Amino acid sequence: MDRRAFLGAAGAFGVAAAFTQPAAAAEPDPAVLLERRMSSCLFTTTGANAAPMPAVELRARLDRARVGFDACRYVWLSDELPRLVSTAEASMAATPTAETAALASTSYQLAAHALAKLLVSGLQPMAADRAVHRAQQADDPLVLAQARRVLSTAARRIGDYEQAERVGIRAIEDLPLRQDHPATWRHAVELWCVAGYAAAMRDDRDRSVECYREAAAVADRISDHHQLRRARDYALAHQISSAHKLGDSATALDAARKVRLDALPTTERKGRYLVDLAMAWQQHGHDDQAYRAVLLAEHHAPGEVHTRSSARQLIGSLTTSPRHGAMPELGGLARRAHITV
């Protein structure tokens with residue numbers, strides 16, 4: 001799929017409609033803020049009103065934004081990310097080098113990761129496409145692989161599952177795997193998982209299993225113990241979502257039991273894992289367990305639960321459960337997640 005066709009397909013969804021925000025919400029709705037501010041940034045001449053910044057300072061700000069994403073600080077990111085994208089583009093315009101192109105790509109990648117938390121719209125594909133465009137100018141295989149990963153996710157979310165898998169596989173093929181650089185092997189694991197999830201979304205169980213088997217084989221070749229454990233945990237947690245999409249809640253729950261919550265490296269990963277666990281429990285017919293899991297997710301990662309569209313949809317569905325009377329904190333949870341019940 002070429003760039004124009006990809007964005008055309010994405011645009012068919014329009015800008016996502018946000019969940020209704022209750023009048024008395026204690027905190028601003030992070031999903032509304034992210035969508036509104038990133039939309040304003042991406043649909044205007046990016047960088048036109050921003051000043052360029054030295055690369056070392058821009059890289060430091062991008063590192064802080066990544067830490068903010070890992071901590072699920074989405075309200076803060078809704079303000080910081082548009083400014084970062086604009087500043088990175090202004091820096092690229094002022095000094096068009098491989099380094100500034102890589103930094104611009106990284107800013108769009110962060111934006112695409114954050115936009116993936118929202119309902120499907122054209123914004124995430126737009127950010128992902130720009131991330132790949134700048135990565136190609138950066139001439140850095142690792143930056144390009146990371147950008148293609150967000151492009152694969154964006155293609156999957158608009159329903160182009162075959163394209164999502166192809167993008168992920170191509171990124172793996174172009175990624176130089178070096179034993180002295182274990183992070184490249186971890187990125188290959190993540191890309192195999194992205195491809196496996198896309199296969200699950202098109203209901204190809206055999207292909208999904210094959211992709212996760214490849215992810216495990218690549219992980220086993222990582223010599224650094226910390227990177228090895230991180231890659232294995234990532235692949236295990238990822239399989240929960242794929243099994244859920246295949247309608248196999250038993251396999252999803254079996255994978256979940258093997259994940260060590262305290263070993264997951266960031267707040268965002270912990271929140272994502274626990275929300276996926278909650279969805280698997282609901283699919284398995286245990287709304288009470290789903291309720292406990294989503295409460296635990298909020299305890300560990302409130303920003304994830306209050307922002308991620310699938311978490312909010314899960315909470316909304318629990319409010320209609322025949323067992324909702326045995327969920328005393330559900331009303332408060334729904335209000336904090338900006339869901340009207």
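Remember, predicted model here, so these are calculated numbers, not experimental data.

**Looking at the overall build of the chain**
Phase 1: Along the backbone of the chain there are 17 helices and zero strands.
Phase 2: Compactness check: the chain gives a C-alpha radius of gyration of 20 Å against a globular reference of 20 Å for 341 residues, within 12% of the reference.
Phase 3: Based on the C-alpha atoms only, the size of the chain along its principal axes is roughly 60 × 50 × 35 Å.
Phase 4: Sorting the 341 residues of the chain into buried and exposed places 56% on the buried side.
Phase 5: A total of about 14,800 Å² of accessible surface is found on the chain, and carbon and sulfur atoms cover 50% of it.
Phase 6: When the 42 basic and 39 acidic side-chain charges of the chain are each reduced to a single mean position, those positions are 2 Å apart.

**Section: the confidence of the model for the chain**
Phase 1: In this model, the chain carries a mean pLDDT of 90, and residues with pLDDT of at least 70 account for 91%.
Phase 2: Averaged over each element, pLDDT in the chain is lowest for helix α1 (residues 3-11) (44) and highest for helix α3 (residues 55-70) (98).
Phase 3: Counting interchain partners and residues more than four positions distant, the pLDDT-below-50 stretch residues 4-25 has 47 contacts.

**Here's the deal with the nonpolar core**
Phase 1: By size, the foremost hydrophobic cluster in this structure holds 46 residues, and its most contacted members are Met 38, Leu 42, Leu 58 and Leu 115.
Phase 2: Secondary structure elements with two or more residues in this core: α2 (30-42), α3, α4 (74-94), α5 (98-115), α6 (123-138) and α7 (141-157).
Phase 3: At ten residues, α5 tops the list of elements feeding residues into this core.
Phase 4: Beyond its immediate chain neighbours, meaning those up to four positions away, Leu 42 contacts Tyr 108, Leu 115, Leu 123, Met 126, Ala 127 and Arg 130.

**Structural notes on the side chain of His 238**
Phase 1: Note that His 238 resides in helix α11 (residues 225-245).
Phase 2: A relative accessible area of 11% means that His 238 is categorised as buried.
Phase 3: If sequence neighbours within four positions are ignored, His 238 has contacts with Cys 193, Val 194, Tyr 197 and Tyr 212.

**So, unusual backbone geometry**
Phase 1: Located in the positive-phi region is Asp 139, a residue other than glycine, with phi close to 55°.
Phase 2: Along the chain, Asp 139 falls in the loop between α6 and α7.
Phase 3: For Asp 139, a relative accessible area of 69% corresponds to the exposed category.
Phase 4: Even without being glycine, Asp 203 reaches a positive phi, approximately 65°.
Phase 5: Structurally, Asp 203 can be placed in the loop between α9 (182-201) and α10 (205-219).
Phase 6: The exposure class assigned to Asp 203 is exposed, which follows from its relative accessible area of 58%.

**A look at the pattern of salt bridges**
Any two side chains of opposite charge can pair, so long as their charged atoms come close to each other.
Phase 1: For the structure shown, the criterion picks out 28 salt bridges.
Phase 2: Of the charged contacts, one joins Glu 80 and Arg 83 as a salt bridge, the two residues approaching to 3.1 Å between their closest N and O atoms. Taken together, the residues span about one helical turn, with Glu 80 and Arg 83 both in helix α4 at a distance of three residues.
Phase 3: Judged by relative accessible area, Arg 83 falls into the partly exposed class, the value being 43%.

**Things to note about the side chain of Arg 157**
Phase 1: As for its placement among the helices and strands, Arg 157 is situated in helix α7.
Phase 2: Look at Arg 157: it is buried, it has no salt bridge, and the nearest opposite charge is Glu 35 at 9.5 Å.
Phase 3: Once you skip the residues sitting within four places of it in the chain, Arg 157 turns out to touch Leu 115, Ala 116, Leu 118, Leu 119, Val 120, Gln 124 and Ser 309.

**Things to note about the environment of His 225**
Phase 1: Structurally, the position occupied by His 225 is in helix α11.
Phase 2: Residue His 225 is classed as exposed on the basis of its relative accessible area, which comes to 62%.

What counts as what
- Residues numbered from 1 in each chain as written.
- Predicted model: local features only at pLDDT ≥ 70, side-chain atom pairs only at ≥ 80, totals over all residues.
- Heavy atoms only, no water.
- Helix = DSSP H or I, 4+ residues; strand = E, 2+ residues; numbered from the N terminus.
- Rg over C-alpha atoms; globule rule 2.2 N^0.38 Å.
- Buried < 20%, exposed > 50% of the residue type's maximum accessible area, 1.4 Å probe, protein only.
- Areas by Shrake-Rupley, 256 points an atom, 1.4 Å probe, with all protein chains shown as cover.
- Lys, Arg positive; Asp, Glu negative; His and termini not counted.
- Charge placed at Lys NZ, Arg CZ, Asp CG, Glu CD.
- pLDDT = per-residue confidence, 0-100.
- Contact = heavy atoms within 4.5 Å.
- Core = buried A, V, L, I, M, F, W, Y, C linked by side-chain atoms within 4.5 Å.
- Salt bridge = Lys/Arg side-chain N within 4 Å of Asp/Glu carboxyl O.

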